[in-house]
Amino acid sequence: MATSRGRLSLWVCLAAALASFLAGFLVGWFVKPLKEATPRAQDQSIRGQLVSEMNAGNIKSFLRSFTKLPHLAGTEQNLLLAKKIQTQWEKFGLDSASLVHYDVLLSYPNETQANYISILDESGIEIFKTSYLEPPPDGYENVTNVIPPYNAFSAQGTPEGELVYVNYARTEDFFKLEREMGISCTGRIAIARYGKIFRGNKVKNAVLAGAIGIILYSDPADYSAPGIQPYPKGWNLPGTAAQRGNVLNLNGAGDPLTPGYPAKEYTFRLSADEGVGIPHIPVHPIGYNDAEVLLRKVRMHVHNINKVTRIYNVIGTIRGSVEPDRYVILGGHRDSWVFGGIDPTTGTAVLQEIARCFGKLISIGWRPRRTIIFASWDAEEFGLLGSTEWAEENAKVLQERSIAYINSDSSIEGNYTLRVDCTPLLYQLVYQLAKEISSPDDGFESKSLYESWLEKDPSPENKDFPRINKLGSGSDFEAYFQRLGIASGRVRYTKNRKTDKYSNYPVYHTIYETFELVEQFYDPTFKKQLSVAQLRGALVYELADSTIIPFNIQDYAKALRSYAASIFNVAKKHDQQLREYEVSFEYLFSAVKNFSEAASDFHRRLTQVDLTDPLAVRMMNDQLMLLERAFIDPLGLPGRQFYRHIIFAPSSHNKYAGESFPGIYDAMFDIANKADPHLAWTEVKKHISIAAFTIQAAAGTLKEVI
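Rules and cut-offs
- Residues numbered from 1 in each chain as written.
- Predicted model: local features only at pLDDT ≥ 70, side-chain atom pairs only at ≥ 80, totals over all residues.
- Heavy atoms only, no water.
- Helix = DSSP H or I, 4+ residues; strand = E, 2+ residues; numbered from the N terminus.
- Rg over C-alpha atoms; globule rule 2.2 N^0.38 Å.
- Buried < 20%, exposed > 50% of the residue type's maximum accessible area, 1.4 Å probe, protein only.
- Contact = heavy atoms within 4.5 Å.
- Areas by Shrake-Rupley, 256 points an atom, 1.4 Å probe, with all protein chains shown as cover.
- Pairing = 2+ DSSP bridges.
- Core = buried A, V, L, I, M, F, W, Y, C linked by side-chain atoms within 4.5 Å.
- Phe/Tyr/Trp six-rings, centres within 6.5 Å; stacked < 30°, edge-to-face > 60°.
- Lys NZ or Arg CZ within 6 Å of the ring centre and 35° of its normal.
- Arc of directions from axis to C-beta.
- Salt bridge = Lys/Arg side-chain N within 4 Å of Asp/Glu carboxyl O.
- Expected span 1.5 Å × (residues − 1).
- Axes fitted to C-alpha atoms, helices over the stretch in contact; angles between N-to-C directions.
- Parallel < 35°, antiparallel > 145°, perpendicular 65-115°, else oblique.
- Left-handed = near helix turned anticlockwise from the far one by under 90°.

Draft legend 1. Geometry of the overall build of the protein chain. In terms of regular secondary structure, the protein chain is built from 22 helices and 19 strands. By the compact-globule yardstick of 27 Å for 706 residues, the protein chain fits well, its C-alpha radius of gyration being 28 Å. Projected onto the principal axes, the alpha-carbon positions of the protein chain cover approximately 120 × 70 × 55 Å. Counting across all 706 residues of the protein chain, residues that qualify as buried make up 58%. Here the contacts in the protein chain between residues at least 6 apart in sequence split such that 80% fall between residues at least 24 apart. Total accessible area computed for the protein chain in this model is approximately 29100 Å², and 54% of it derives from carbon and sulfur atoms.

Encoded structure:
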């Protein structure tokens, strides 16, 4: 009897539970909203936790820890730093953290033959030699393995000849020398000051001008701010310092010996003399103290050695809970020429703090909708090698699954205001998030980062918004944006562009880039770097966790209208030739108009999408994700096959700067001096056609899926 009563009671309980479940289910079904409420208050609260968890003191500690010793790519110390970062990511609670290696061509000074420049007397005897080493800063006298100033990938050689001063070695500087002044560089050694353009472009221009070598130096006019003492008393460049840097012209190729493919053990390699973008003349940097002496015949002594060397990226992941096959990447390089006090370690420290804070959220049960990938890249200073090789190895997956790439290179290059370079898709998200972060600037204590940014650097096109720049190159977003078409952006603090006329920050790529430089002069409170961390982290959070990817295509349409008008205005300077060779921009403007209409219609439909329907959400998100990819031409730009974005590319004359409609712009550059005008204008027509087709095709991707 006891057993029968027990079974009866069990069935009664089960029946009651089932009835209760059905009642609750029916009530929930009929009262559930058709669309998710926006904005997502709970998610905003979580983002608030992420941002408020970030700590300036932690960024300071990471920076101090990571800059105690040199960590040049390919060295044991940089591998130890990679392992340290990996261990910390695991401790923070990331789902995975692994080392990924590649065997790439790097370049180092010869340890037994010093690089230097000498002055020769009339008998050819060397009567002066430039400095080999920079005097170490206070507190670093006993640090070993400091690489002397050199230009990586310079050709070996000891050319001698008369010096020709070529200003910044820009294209226009050589035009002035040759066309206006009648001065030839053929058979001579060029001497150029750093600044204005990427050093690799300087070398390329010198080669084209017939120079047999080029010396680079930092002029006080470009690397000294008025009224500031040289380091360590101030932040100006000492006369004994020389800027290191690579002088490749890779145009996005990655490892010079394995262009287009990852530099793994199984990869076919070109021979050393076939390497992509490697100059064939010697190049060497000197300080301005030595440059003042070089006024006569000189001899260069350059003995750098190129060798295949193993490098290591650190790749960490937080797996997405809803769409694990959709990726948001936060990456920045780790390697530096010496201590890397600003470049890159202010970015490395920020990346580390962002990873720590995301790990904290994971520890309390939160998980992003999409997968977040953290990357500490190696060998950026040698031509963006670590990031490009990883992009090449994973290109098929990244093209199918990547939402965005946010760069985490140096978080400061000045301390005046925010600087943003990004795809137009991110404009509105950057503006929105900057309004929710406190400004670190003096005099703006109760205002937002957006307000100080707007007041200090308004857009020249629309004073109601802060300036946002086009993406060029010079950092690790290049392969993701310019080759793969993944929406990308970078944010950092910068100088006052109106008053600060010196190039970059004065001690860039020298031994004097130390922790103390940052602590004493650039960001003593570390609040500027904290603001950058908060903005980078918030961007990653929103891109990884918003139900609808927070891209605004209408901003892309506005940008295209502006870029089309701008390139047409350049062309109108040749109005007679436009008529003579029947060059028309009509189809380009028509395509831009069609894209604008498609963008408006897409955003109208986006407001109507049922956010509770996962298939509807996924379809709209895929269209958003793949739009940037629609601007990619698999054939690439002429002579630059790995730059495949038709709307944006690094300038052919300055890798650091971004150019819109680069195919058209390059075809029209110096067109008045082309030997065959008909052929030149035919090339312009070709690239107008390519741009028009690409924009029209991109508009087609925004149409409603049938």
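Draft legend 2. Layout of the pairing of strand β12 (residues 305-318). In terms of strand pairing, strand β1 (residues 96-108) meets β12 through 13 bridges, oriented antiparallel. Within β12, the residue paired with Leu99 across the bridge is Val314. Note that β12 and strand β14 (residues 370-377) share five bridges and pair antiparallel. Note that in β14 the partner of Thr317 across the bridge is Ile373.

Draft legend 3. Just the sheet that holds strand β5 (residues 160-161), in detail. What the four strands build is an open sheet, ordered β3-β2-β11-β5; its pairing is antiparallel. Lying at the two open borders of the sheet, with one neighbouring strand each, are β3 (126-129) and β5. Where strand β2 (residues 116-120) meets β3, three bridges bridge the pair, whose relative direction is antiparallel. By the bridge assignment for β3, Ile119 is matched with Phe128.

Draft legend 4. Representation of the pairing of strand β16 (residues 417-422) in the model. Of all six residues in β16, five are buried, a share of seventy percent or more. Taken together, the six bridges between β16 and strand β17 (residues 487-494) define a ladder with antiparallel strand orientation. Opposite Leu418, over in β17, you have Tyr493 as the bridge partner.

Draft legend 5. Here's a closer look at the nonpolar core. Phe374, Phe382, Tyr480, Phe595 and Phe661 are the most contacted members of the largest nonpolar core, which has 215 residues in total. Top contributing element to this core by residue count: helix α16 (residues 527-545), with 10 residues. Apart from residues no more than four positions distant in its own chain, Phe382 is found in contact with Leu72, Ala73, Leu106, Ser107, Tyr108, Tyr150, Ala152, Phe153, Asn246, Leu248 and Trp337.

Draft legend 6. Seen up close, the packing of aromatic side chains. Per the stated rule, a full pass over the model turns up 36 aromatic pairs. Here Tyr450 and Trp453 contribute two aromatic rings whose centre-to-centre distance is 6.3 Å and whose plane-to-plane angle is 85 degrees, an arrangement assigned as edge-to-face. Placement of both Tyr450 and Trp453 in helix α13 (residues 449-456) is noted, with a separation of three residues, approximately one turn of the helix. A connected cluster of aromatic rings, assembled from ring pairs, spans Phe481, Tyr556, Tyr563, Phe595, Phe631 and Phe648. If you follow Lys435 out to its NZ or CZ, it ends over the ring of Tyr450, 4.8 Å from the centre. Sitting above the plane of the Phe198 ring, Lys655 keeps its charged end 4.9 Å from the centroid.

Draft legend 7. A look at α13. Within the span of α13, buried status applies to Leu449, Tyr450, Ser452, Trp453 and Lys456. The buried residues of α13 all sit within an arc of 170 degrees when viewed along its axis, so they share a single face. Those residues of α13 that are buried lie in contact with β16, α12 (427-434), β17 and α16.

Draft legend 8. The arrangement of unusual backbone geometry in detail. Cis geometry marks the peptide bond from Tyr231 to Pro232; its omega dihedral reads 15 degrees. When you line up the elements, Pro232 lands in the loop between α7 (220-223) and β9 (245-246). Cis geometry marks the peptide bond from Asp343 to Pro344; its omega dihedral reads 5 degrees. Here Pro344 lies in the loop between β13 (323-333) and α9 (345-363). The phi dihedral of Ala169 falls on the positive side, at around 60 degrees, and the residue is not glycine. Residue placement: Ala169 occurs in the loop between β6 (163-165) and α5 (171-180). Its identity is not glycine, yet Asp670 carries a phi of approximately 55 degrees, on the positive side. Inspection of the secondary structure assignment puts Asp670 in the loop between α21 (662-668) and α22 (677-700).

Draft legend 9. Molecular detail of the pattern of salt bridges. All told, the structure shown has 41 salt bridges when counted by the stated rule. Residues Arg170 and Asp173 are paired through a salt bridge, measuring 3.0 Å at the closest nitrogen-oxygen approach. Take Asp173: its relative accessible area is 8%, and that puts it in the buried class. Glu597 is the salt-bridge partner of Lys593, the closest N and O atoms lying 2.7 Å from each other. Note that Lys593 and Glu597 are positioned in helix α19 (residues 586-606) at a spacing of four residues, about one turn of the helix. Taking the relative accessible area as the measure of exposure, Glu597 reaches 44% and is therefore partly exposed. In the salt-bridge network here, residues are joined through shared partners; they are Glu323, Asp325, Arg326, Arg369, Arg370, Arg618 and Asp622.

Draft legend 10. Seen up close, the environment of Leu105. By the element assignment, Leu105 lies in strand β1. Along the sequence, Leu105 and Pro324 sit 219 residues apart, while their C-alpha atoms lie 34 Å from each other. Residue contacts for Leu105: discarding those within four places in its chain leaves Phe153, Asp255, Pro256, Leu257, Ile278, Asn306, Lys307, Val308 and Leu385.

Draft legend 11. Broad picture of α9. Over its 19 residues, α9 extends 27 Å from the first C-alpha to the last, a length consistent with the 27 Å expected when each residue adds 1.5 Å. With 17 of its 19 residues buried, α9 lies for the most part within the structure. Positive phi shows up at Gly365, right after α9, with a value of about 105 degrees.

Draft legend 12. Examining the environment of Pro238 more closely. With respect to the element layout, Pro238 can be found in the loop between α7 and β9. What makes Pro238 buried here is its relative accessible area of 9%. Residues within four places of Pro238 in sequence aside, it is in contact with Pro230, Tyr231, Tyr288, Val507 and Tyr512.

Draft legend 13. Seen up close, the packing of α12 against α16. It is at 10 Å that the axes of α12 and α16 come closest, and there the two elements cross at 125 degrees. Looking at the two axes, α12 sits oblique to α16. Crossing of α12 against α16: the hand is right-handed. Residues Leu429, Val430, Leu433 and Ala434 of α12 form the contact with α16, whose own contacting residues are Leu535, Ala538, Leu539, Glu542 and Leu543.

Draft legend 14. Representation of the side chain of Asn496 in the model. By the element assignment, Asn496 lies in the loop between β17 and α15 (515-522). You can call Asn496 buried: its relative accessible area is 11%.

Scope: geometric values only; no functional claims are made or implied.
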